[in-house]
Amino acid sequence: MRKRTLFRLAAGTATIGAATLAYASLIERNMFTLRRYDVPVLPADAEPLRVLHLSDLHMMPDQARKQRWVASLAALDPDLVVVTGDNMAHPGAVPGVLRALQPLLDYPGAFVFGSNDYTGPVLKNPFTYFLPDREYTEGVELPYEELRQVFTGAGWADLNNARTMLKAGGRQLDLVGVDDPHIERDDYPAVSGAVSSSADLSIALTHSPEPRVLDQMAADGFGLLLAGHTHGGQVCVPGFGALVTNCGLPRSMAKGLHRWPGSDSWLHVSAGLGTHPTAPVRFACPPEASILTLIPR
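Residues numbered from 1 in each chain as written. Predicted model: local features only at pLDDT ≥ 70, side-chain atom pairs only at ≥ 80, totals over all residues. Heavy atoms only, no water.

Draft legend 1. Region of the structure containing helix α2 (residues 64–72). Among the residues of α2, those classed as buried are Lys66, Gln67, Trp69, Val70 and Ala71. Against β1 (33–42), β2 (49–54), α3 (94–101) and β14 (288–296) lie the buried residues of α2. (Buried < 20%, exposed > 50% of the residue type's maximum accessible area, 1.4 Å probe, protein only. Helix = DSSP H or I, 4+ residues; strand = E, 2+ residues; numbered from the N terminus. Contact = heavy atoms within 4.5 Å.)

Draft legend 2. Expanded view of the sheet that holds β2. The sheet built from 6 strands is open, its strands ordered β1-β14-β2-β3-β4-β5 with mixed pairing. Only two strands of the sheet have a single partner each, and these edge strands are β1 and β5 (157–158). As paired strands, β1 and β14 are joined by 9 bridges and run parallel to one another. Each residue of the ladder has a partner; that of leucine 34, found in β14, is alanine 289. (Pairing = 2+ DSSP bridges.)

Draft legend 3. Spatial organisation of a nonpolar patch on the surface. A cluster of nonpolar side chains, namely Val235, Val237, Phe240 and Leu243, defines an oily patch on the protein surface of about 300 Å² accessible area. With respect to the helices and strands, the residue leucine 243 is situated in the loop between β11 (241–242) and β12 (256–259). (Patch = residues over 30% accessible without salt bridge, like charges linked within 9 Å, V, L, I, M, F, W, Y side chains within 5 Å. Areas by Shrake-Rupley, 256 points an atom, 1.4 Å probe, with all protein chains shown as cover. Salt bridge = Lys/Arg side-chain N within 4 Å of Asp/Glu carboxyl O.)

Draft legend 4. Expanded view of the pattern of salt bridges. Applying the stated rule across the entire model yields 7 salt bridges. One salt bridge connects arginine 163 with aspartate 174, and the closest N-O pair in it is separated by 3.0 Å. Note that arginine 163 is positioned in strand β6 (residues 162–168) and aspartate 174 in strand β7 (residues 171–177), a separation of 11 residues in sequence. In this structure arginine 163 comes out as partly exposed when scored by relative accessible area, which is 27%. Taking relative accessible area as the criterion, aspartate 174 reaches 2% and is therefore assigned buried. Between arginine 259 and aspartate 264 there is a salt bridge, with its nearest N and O atoms 3.7 Å apart. Residues joined by salt bridges that share partners form a network here, namely Glu145, Arg148 and Asp158.

Draft legend 5. Representation of the packing of α2 against α3 in the model. Their axes nearest at 6 Å, the elements α2 and α3 cross at an angle of 35°. On α3, the residues that touch Gln67, Val70 and Ala71 of α2 are Gly96, Arg99, Ala100 and Leu101. Partitioned by chemical class, the residues of the contact of α2 with α3 number 4 nonpolar, 2 polar and 1 charged. (Axes fitted to C-alpha atoms, helices over the stretch in contact; angles between N-to-C directions. Nonpolar A, V, L, I, M, F, W, Y, C, P; charged D, E, K, R; others polar.)

Draft legend 6. Geometry of unusual backbone geometry. For glutamate 184, which is not a glycine, the phi torsion comes out positive at approximately 60°. Along the chain, glutamate 184 falls in the loop between β7 and β8 (201–205).

Draft legend 7. View of the packing of aromatic side chains. Per the counting criterion, the structure on display carries 6 aromatic pairs. Pairwise contacts between aromatic rings join Phe111, Phe113, Tyr118, Tyr144, Phe151 and Trp156 into one cluster. Above the plane of the ring of tyrosine 118 lies arginine 185, whose end atom (NZ or CZ) is 3.8 Å from the centre. (Phe/Tyr/Trp six-rings, centres within 6.5 Å; stacked < 30°, edge-to-face > 60°. Lys NZ or Arg CZ within 6 Å of the ring centre and 35° of its normal.)

Draft legend 8. View of the environment of alanine 75. Assignment of secondary structure puts alanine 75 in the loop between α2 and β3 (80–83). Along the sequence, alanine 75 and proline 103 sit 28 residues apart, while their C-alpha atoms lie 9.1 Å from each other.

In structure tokens:
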């Protein structure tokens, strides 16, 4: 009797585990979701401005469903498109990224790269994400310069350790960004400085939301900080949230809109639209894009 009970428990546990894995890999990771946030960063009486924030596509060449869904976001008619990195997951991904983003390239835009724009993913033990000092392993080189040319050729601002003024939605924007801090390519001191007095709005971009970078951006007065990288935790526990963020950000800020501590700045962290191709699962954290409606304070 006891052996039969243990066997039934083991079989039930295995069945639940298999069902959960099937849901996470076949269903939720394809449940593309549009998030909407109002962000109070504009001067009084200013007209709203709409920012479409995309991140972490981790595009594979054959992901046609994802490509079609991202392309459909052009119907939102944003004033500005911002992409915070990790666009590719395969050396042949550029055409797929282009199919996804082509309709959005007609809008004013800005971008920074993430580690998986430079090198491809490698197979790894997912439990190593719990190790704060784990060694970063590079995969095959990806065609990031080709992707850069696509973006800049459309007029998008390359903000990898760069700064520019850009007009969008009839407003003058002070934009700054860094290359990916996750692989220590960032150089914020090279582009730091107080927000321009002639700007109607200021936005700062980084792929990985490392607090050491966000603190500097907020100290310079950038009102909206945009990042990706965390995948929102990718595998979350209902009622608890993300287990890890893969960076220095607290788990409670793994995704969504937050006030950055000790400042007047707002931080939006996108949970992203893709997954690491060697771990194609999402649980309690569907893939997402966000439309941020910037409104008066």
